[in-house]
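Letter by letter, the chains look like this.
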Amino acid sequence: MSVYGFPGPLNRNSPMFEALFEQSPVPCAILAPGLVLSRCNDAFARLLGYWREELRDRSLPLLMENAAESVLIHNGHDRDMAGSHCLFRHKDGRILELRCVTAPLGDGVNPRGIILQVTGFPGQDTVVDPPASGPSPGFASLAVDHVQEAAYLIGANGRILDANQVACETLGYRREQLLRLSFNDIDPNFNNDTCAPAEHAQRNTPVQDSYHLRSDGERFPVNIRFVPLKYAGMNRTMVFALDVSKVQQLETLRYGILESLTRGTLPAKSLQLIVNYVEETCPEAVASIMLVNEGGTHLEPGPSNRLPARFLDAIRAAPVPIGVGQGACGTAAALKQAVQVEDTANHPYFQACRDIVLDAGFLSCWSTPIISGKGKVLGTFCIYLHTTGKPSETGVKRIARRASHFAAIALERQRAERQVQESHQRYRDIFDNALDALALLEITGDQRLRVLEANPAMERTVGIPSRHMVGKTTDEIATLSQELAARINAHCHQCLARGEMVEGEAWFDLPVGRRILHCAMIPVRRPNGGYHRVVLISRDVTEHRRAEKLLHTREQEFRALVDNSPDGVVRYGADGDTLYINPVLRELIGGADTPYGEVSAALEQRIMPADRCAYQEAWRSVQQTGVEAHLVIRLGGADKRHVRYQDVRFVPEFIPEGNVCSVLAVMRDITALKETEFQLLSLVENSPNYICRTTPSGRLLYVNPALRTWMGPEFDGNAGPGVPPSPWVTPAEHAQLISAHEKAVELDCLVELEIYFSNPQEWHRLLFVPEKNELGDFASVLSVGQDITRQKQVDHELRESRSLLRELGVRREAELEAERKRIAHEIHDELGQLLTTLRLNLSLTGSQLPAEDSSLRQKLNDMTGLVDRTIETVRNIATSLRPAVLNTGVASALEWLTQEFARHSGIHCKLSTQEGIQLDEERATMVFRLVQESLSNVGRHSGADQVWIRLHHYGSGYRLTIRDNGCGFNPEAIVSQQSFGLIGMQERVLSFNGQMTLDSAPGHGTTLRITIPIHPRKAS
């Protein structure tokens, strides 16, 4: 298509070209090969501040600010006159940004040059176009002129001076034939009066209806437009004639395309209209649009009408790759330039898809890339022909360029609309979901502020629903105080007056309460300058300010705590600088008034060389990882003789983002603890006891020298928990050790174990003590062992001695009881008979005395009374040695004993015995003596008024219980006072393998429980 608004190649030497080029007020220039400015019109020269002769044969890159843009001009002339912005250098040095279009001169495939046209200035609303009085026909719309018209240049006498190729083709004449005719020969209705002088002509002459005659005499309707101009000092007329017989249908399609592009119809429909337009314009052509996929690597089929179904299925199954040699479409998309193939059967581009193309009957094709304004390939427009050869320049090629241009507009519009929608959606997402309160305010005609938008965060911040704010001015919002509205208005007008952001922070009385808001107001500029809107950004910083105040308070508290802490504290910054050292550590180092940096350096010098690297690596590790570290270091004294131990904890401090901003080193003096540890270690190392420390799983951590010596030279300290550490320890003995160890861990208590080691034939007492760390978790188990073999021997000998003594006591008691029984029997039998005989003799003597001898009778009576008392005393002595009632059974004996005790002491005594109790003589005597001793103790010490005695069956033996309600006592105190009465009772019970328990407490009486087995006692 010609750059001058009519189709066909333009001959730069034709009168018509000369007339249009010279008289056009639109800046134009002709570029010869090599980007040499061979010619320009006056408008172009004046635009750059030169005379025309100064620009002749000058290189175009020398006139441009960026030489690379000249290459874009050279390479862009085949893109259907796509506009581009270029920077030109004015003669006075100024830089002009111009919007330019280019088009080839001559054949579009092999151009003989380039015509450059300036169409406007980016960033301004003005467009370079002829004034109303100018002669040029529509230069400003060259890039979008898609009307097929025949063009004629005629003289004042109506003679045809020049014509374009469309005119020749339309009328059927060769150009030489046509130039020999006058315009009246082809238009019988032509009148020379129509050609008005150029200086009086209107730019846009009315279109006239007429008819033209072809060379064969055929008439066809046309629309004619006359444009007067001046050429070589003479008046000329440019005539444009449009064949409306076919154009009417094409115009309908064309306007349908333009309407769809204008109204933003779906791209698929617009592209389909473009395909329909091309195929209607060129019935012999098959049109198709291919679209670049999302990845930008392949072409996929788009709208088409007459492509065979098998052809489409093959492309859908295997999309066309973008690359040179991948068919005409793939190559055109890769090269970003039109590609024509005259013979698909032999062209190398169709090697991979030749069978499919030939099967569809396509013998030649023309593919034009669809390129966006930014130079991105969006797809290709391809026209297939069923004949071989080159497509005509005025036919298929021209239509293909138009179609690709239309397709680029449709696709770019789709992309622009999608970007607008995405941008709007992003705006809505950001606006509606912003954490800050946002509002858009507009200045009204009376200089008030109207709320256009308010996001949910603004509703929450001010406590006013958006429906009560949007569309209202600030003083119309009922819940907003007048003072607050006035403050907002004042700040907004200040923002607009300055033309820059205004921000501040203040207290506001809002419906949600009194809050601190940080507000920023940003002016919004109009497209044509000035400011008319304000973006209000607010953030509720009330809690933030309170947090800052609290943080300041906590910082002061921290400083007070650290300053008065007994521990030394150092704070290191992220770069290792010392930020703070508390007084304790400064005093320790000896730099109370020295700067932090010098004190820190002195501190590191005081650290022992062996610990210095570990100290530095520890705080660096905490700085990098944010994990606490702990170590013990040694500080040398000022006299370099004393060493102090410091327990150091490195604690990271974080900023809100989670990064470490500083590290606190807290030092505690543990010199005394270390000295104690050394003493304890010395004690353990030199202890005769066997000491070891193990993990909860049983792995050895420490063994003292005494235990190592006892284990022998074959001791294995690395043996696992299940392996005996020494061959002296048998598996069974090792199992006992493991069991006691596990019990200590499980029960969390001290476990004692006495074990006999068979190989050295030694008894050992072991104590397993669980140890915990500062977190309360099990850390280890301390085991302490002692050789108790000698103690076991002494205990055994002592038990034997006690057994012999008890047996001796029992035997002595039996002998004593037998002696008592014998004495009681002799007293009762021998002495009792003698006294009885004496009593009978005294009675007989008394009966023989004279009645008048009263003195003698009185003496006899006194003697008889003395004998009676002697008999009673003898009876009592015999009874106290062994009561005769004991021979009748233990129940009768206890009953007699309690009655006698109650009669003599006045203490109520209650006896309860179970039926069927049979005790042998030894047990019966033992029970009787225990009750007798207990009653004696009650009468002498308890102060009780009641005593309960019970004898009953208990398991495989008998249970004797004696209880009183006396004052009670402390059994331990009685034992410590060596009460032989209780000891004797205990020994009596033990001699019969029985048990005795004593329960008493001051003020709560006393209970004595004695259990006696039925089986005979065992000899020791």
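Residues numbered from 1 in each chain as written. Predicted model: local features only at pLDDT ≥ 70, side-chain atom pairs only at ≥ 80, totals over all residues. Heavy atoms only, no water.

A. Summary view of the overall build of the chain. The secondary structure content of the chain amounts to 28 helices and 37 strands. Taking the contacts inside the chain whose residues are at least 6 apart along the sequence as the reference set, 49% of them involve residues at least 24 apart. Accessible surface for the chain amounts to roughly 54,500 Å². Of this, 53% is attributable to carbon and sulfur atoms. (Helix = DSSP H or I, 4+ residues; strand = E, 2+ residues; numbered from the N terminus. Contact = heavy atoms within 4.5 Å. Areas by Shrake-Rupley, 256 points an atom, 1.4 Å probe, with all protein chains shown as cover.)

B. Region of interest: unusual backbone geometry. Unusually for a residue other than glycine, K336 sits at a positive phi of about 55°. Structurally, the position occupied by K336 is in the loop between α11 (327-335) and β15 (339-341). Non-glycine residue D748 carries a positive phi angle of around 55°. Structurally, the position occupied by D748 is in the loop between α22 (731-747) and β30 (751-757).

C. Region of interest: the environment of L484. Note that L484 resides in helix α15 (residues 482-498). L484 sits 24 residues away from F508 along the chain, and the two C-alpha atoms are 7.2 Å apart. Contacts of L484, omitting those with residues within four sequence positions, involve F508, D509 and L510.

D. A look at α15. The end-to-end C-alpha distance of α15 is 24 Å, a good match for the 24 Å that 17 residues give at a rise of 1.5 Å each. Of all the positions in α15, only L484, A485, I488, N489, C492, C495 and L496 are classed as buried. Buried residues along α15 cover an arc of 135° about the axis, so they all sit on one side. The outward face of α15, more than 90 degrees from its buried face, is lined by the exposed residues Q482, E483 and A497. Buried residues belonging to α15 abut β18 (437-443), β19 (449-454), β20 (502-510), β21 (513-525) and β22 (531-540). G499 lies just past α15 and shows a positive phi near 75°. (Expected span 1.5 Å × (residues − 1). Buried < 20%, exposed > 50% of the residue type's maximum accessible area, 1.4 Å probe, protein only. Arc of directions from axis to C-beta.)

E. Broad picture of the packing of helix α25 (residues 890-905) against helix α26 (residues 921-942). The geometry of α25 relative to α26 is characterised by a closest axis approach of 10 Å and an angle of 15° between their N-to-C directions. One finds that α25 runs roughly parallel with respect to α26. Classified by chirality, the crossing of α26 by α25 is right-handed. Counting all contacts with α25, which are made through V890, A893, L894, W896, L897 and F901, the residues of α26 involved are A924, V927, F928, V931, Q932, L935, V938 and G939. (Axes fitted to C-alpha atoms, helices over the stretch in contact; angles between N-to-C directions. Parallel < 35°, antiparallel > 145°, perpendicular 65-115°, else oblique. Left-handed = near helix turned anticlockwise from the far one by under 90°.)

F. Molecular detail of the sheet that holds strand β28 (residues 690-694). One open sheet holds the five strands; their spatial order is β29-β28-β32-β31-β30, and the pairing between them is antiparallel. Strand pairing shows two members of the sheet lacking a second neighbour, β29 (700-703) and β30, which therefore form its edges. Neighbour to neighbour, the strand axes of the sheet diverge by 25° on average, direction disregarded. With nine bridges joining them, strand β31 (residues 762-772) and strand β32 (residues 778-787) adopt antiparallel strand pairing. Each residue of the ladder has a partner; that of P770, found in β32, is V781. (Pairing = 2+ DSSP bridges.)

G. Region of interest: the sheet that holds strand β26 (residues 643-654). Read across the sheet, five strands follow the order β24-β23-β27-β26-β25 without closing on themselves; strand pairing throughout is antiparallel. What marks the edges here is a single partner per strand, and that holds for β24 (578-581) and β25 (629-636). Neighbour to neighbour, the strand axes of the sheet diverge by 25° on average, direction disregarded.

H. Looking closely at the pattern of salt bridges. One pass over the full model with this rule turns up 34 salt bridges. Close ionic contact of K792 with E754 constitutes a salt bridge, the shortest N to O distance being 2.8 Å. Of this pair, K792 sits in helix α23 (residues 789-848) while E754 is found in strand β30, placing the two residues 38 residues apart along the sequence. Look at K792 and you get partly exposed, because its relative accessible area is 26%. Ionic contacts of the salt-bridge type, sharing partners, join the residues R515, D540, E543 and R546 into one network. (Salt bridge = Lys/Arg side-chain N within 4 Å of Asp/Glu carboxyl O.)

I. Fine view of the environment of L767. Along the polypeptide, L767 turns up in strand β31. Residues L767 and E754 lie 13 residues apart in sequence; the distance between their C-alpha atoms is 8.9 Å. Discounting chain neighbours no more than four positions away, the residues touching L767 are L750, V751, E752, L782, S783 and V784.

J. Representation of helix α10 (residues 309-317) within the structure. Taken residue by residue, α10 has F311, L312 and I315 as its buried positions. Buried residues of α10, viewed axially, fall in a sector of 95°; they line one side. Exposed residues lying more than 90 degrees from the buried face of α10 are A309, R310, R316 and A317. Those residues of α10 that are buried lie in contact with β12 (285-292), β13 (298-304), β14 (320-321), α12 (354-359) and β17 (377-385).

K. Inspection of the packing of aromatic side chains at higher detail. In this structure the tally under the stated criterion is 14 aromatic pairs. Centre to centre, the rings of F183 and F190 are 5.1 Å apart; their planes meet at 80°, and the pair counts as edge-to-face. For F183, a relative accessible area of 0% puts it in the buried group. Plain terms: the ring middles of Y690 and W710 are 5.8 Å apart, the flat faces sit at 35° to each other, and that makes the pair tilted. Of the two residues, Y690 is situated in strand β28 and W710 in helix α21 (residues 705-711); the sequence distance between them amounts to 20 residues. (Phe/Tyr/Trp six-rings, centres within 6.5 Å; stacked < 30°, edge-to-face > 60°.)

L. Expanded view of the pairing of β19. Pairing geometry for β18 and β19, over five bridges, is antiparallel. From the neighbouring strand, L440 faces β19, where its bridge partner is E453.

M. Spatial organisation of the layout of surface pockets. Within this model, the second largest pocket holds a volume of roughly 640 Å³. Considering the residues around the second largest pocket, the lining is formed by 22 residues, among which L673, E677, L680, R693 and E771 are closest to the centre. The element that contributes the greatest number of residues to the lining of the second largest pocket is helix α20 (residues 671-685), accounting for seven residues. Partitioned by chemical class, the residues of the lining of the second largest pocket number 11 nonpolar, four polar and seven charged. (1 Å grid on protein atoms, 1.4 Å probe; cavity = no way out; pocket = protein on both sides within 12 Å on 5 of 7 lines; lining within 4 Å. Points joined across faces, edges and corners; volume = space filled by probe spheres on them. Nonpolar A, V, L, I, M, F, W, Y, C, P; charged D, E, K, R; others polar.)

N. Region of interest: the confidence of the model for the chain. In this model, the chain carries an average pLDDT of 79, and 84% of its residues clear a pLDDT of 70 or more. With pLDDT under 50 throughout, residues 1-12 is counted as low confidence; its partners more than four residues away or in other chains account for 54 contacts. Confidence over residues 76-82 falls short of pLDDT 50; this stretch has 22 contacts with residues more than four positions distant or in other chains. (pLDDT = per-residue confidence, 0-100.)

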